[in-house]
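Summary of the model geometry
Each chain, written out:
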Amino acid sequence: MKNTIFILIILLALSCKAQINSSNQGLEIPIEQHLNILNSNIENGIPDGAYLKDVNNLFNDYLGVWQGTVNNEAIEFLIYKVVYNSSIRPLTIDKLYIKYKITEANGNVVIETSSLQNEDGLIIKGNYFGHDDSYYVLDYSGEHYSCGQMGTIFVKLINNNTQIRVHYNPNTDSLDVNNCPNGESVSQVLVPEFILTKQ
C-alpha cells in the first residue's frame, strides 16, 4: 500500500511539473529583455519553455555580408540568425551567429569558417543585446582558444546601419601556455577594433 501511495505521489508531482512547464510553452519574451532578466533578481529568471524571440526585428539590420580591410587583411563577416534550442533545459533563443573569412594581401587565407556547421566552436555565437540595445554581444573562440585566441565581440551598427563597428576584447584569463605551440601564446587573429561595411 505504501508503495502504491508513493508511486501516486511521484506521478502527481511529475504531472504538475509537466503542466507548469507546458503553461510556459509559447511564452515569447523580447530578445532585448535577455540581459535585464539575467541581471535581475528574478528568482527563476527565464521560465522553462520560454522563447527569447526577436519580436521587434532588431536583428534585421545586422543580417548579411560585411567586409573591410584591416592591416592589409580582408575581413568578411556573414551575420545570420539562428533559432537556438538549449540542450540544458527547455528554452529557445534567437541569436546572431557569425561565419568569417580573413585573407592576407597576398591571397593567403588565414581562416575561413563558411563551410562549418553552427555547432562548431569556431563559429562566433551571439549572447544578448547590451544595456541600451545599441550593440550585440557574442562569444569568440579561435583555432588556438587555449592559447589566448578567445574573448568577447561587440558589434554596433553605425552610419545609418551601413557599417558595423566591431570591438574584440580578448580573454587571456584562461591562457595556458603549456598547451600552446613552443610554450608561448599565439597572436590574435582579430584586432581590437575595426569597421566593416554592408555589401
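One structure accompanies this document, and this report is about it. (Residues numbered from 1 in each chain as written. Predicted model: local features only at pLDDT ≥ 70, side-chain atom pairs only at ≥ 80, totals over all residues. Heavy atoms only, no water.)

Broken down by element type, the protein chain carries 2 helices and 11 strands. Sequence-distant contacts in the protein chain: of pairs separated by 6 or more residues, those separated by 24 or more amount to 49%. Counting every atom, the protein chain has about 11600 Å² of accessible surface; 50% of that belongs to carbon and sulfur. (Helix = DSSP H or I, 4+ residues; strand = E, 2+ residues; numbered from the N terminus. Contact = heavy atoms within 4.5 Å. Areas by Shrake-Rupley, 256 points an atom, 1.4 Å probe, with all protein chains shown as cover.)

Topologically, T103 is positioned in strand β5 (residues 92-104). Residue class for T103 comes out buried when judged on its relative accessible area of 16%. Setting aside chain neighbours within four positions, we find T103 in contact with N72, E73, A74, N108, V109 and V110. (Buried < 20%, exposed > 50% of the residue type's maximum accessible area, 1.4 Å probe, protein only.)

Further remarks concern the pattern of salt bridges. Any two side chains of opposite charge can pair, given that their charged atoms come close. Following the criterion strictly, the structure yields 4 salt bridges and no others. Here K53 ties to E28 by a salt bridge, and the two come within 3.4 Å at their closest N and O atoms. A residue pair is termed long-range when its members are at least 10 positions apart, and K53 in strand β2 (residues 51-53) and E28 in strand β1 (residues 28-30) qualify at 25 residues. The class for E28 is partly exposed, based on a relative accessible area of 41%. Among the ionic pairs, R165 bridges to E193, the shortest N-O distance being 3.7 Å. Here E193 lies in strand β11 (residues 193-198) and R165 lies in strand β10 (residues 163-170), a separation of 28 residues in the sequence. (Salt bridge = Lys/Arg side-chain N within 4 Å of Asp/Glu carboxyl O.)

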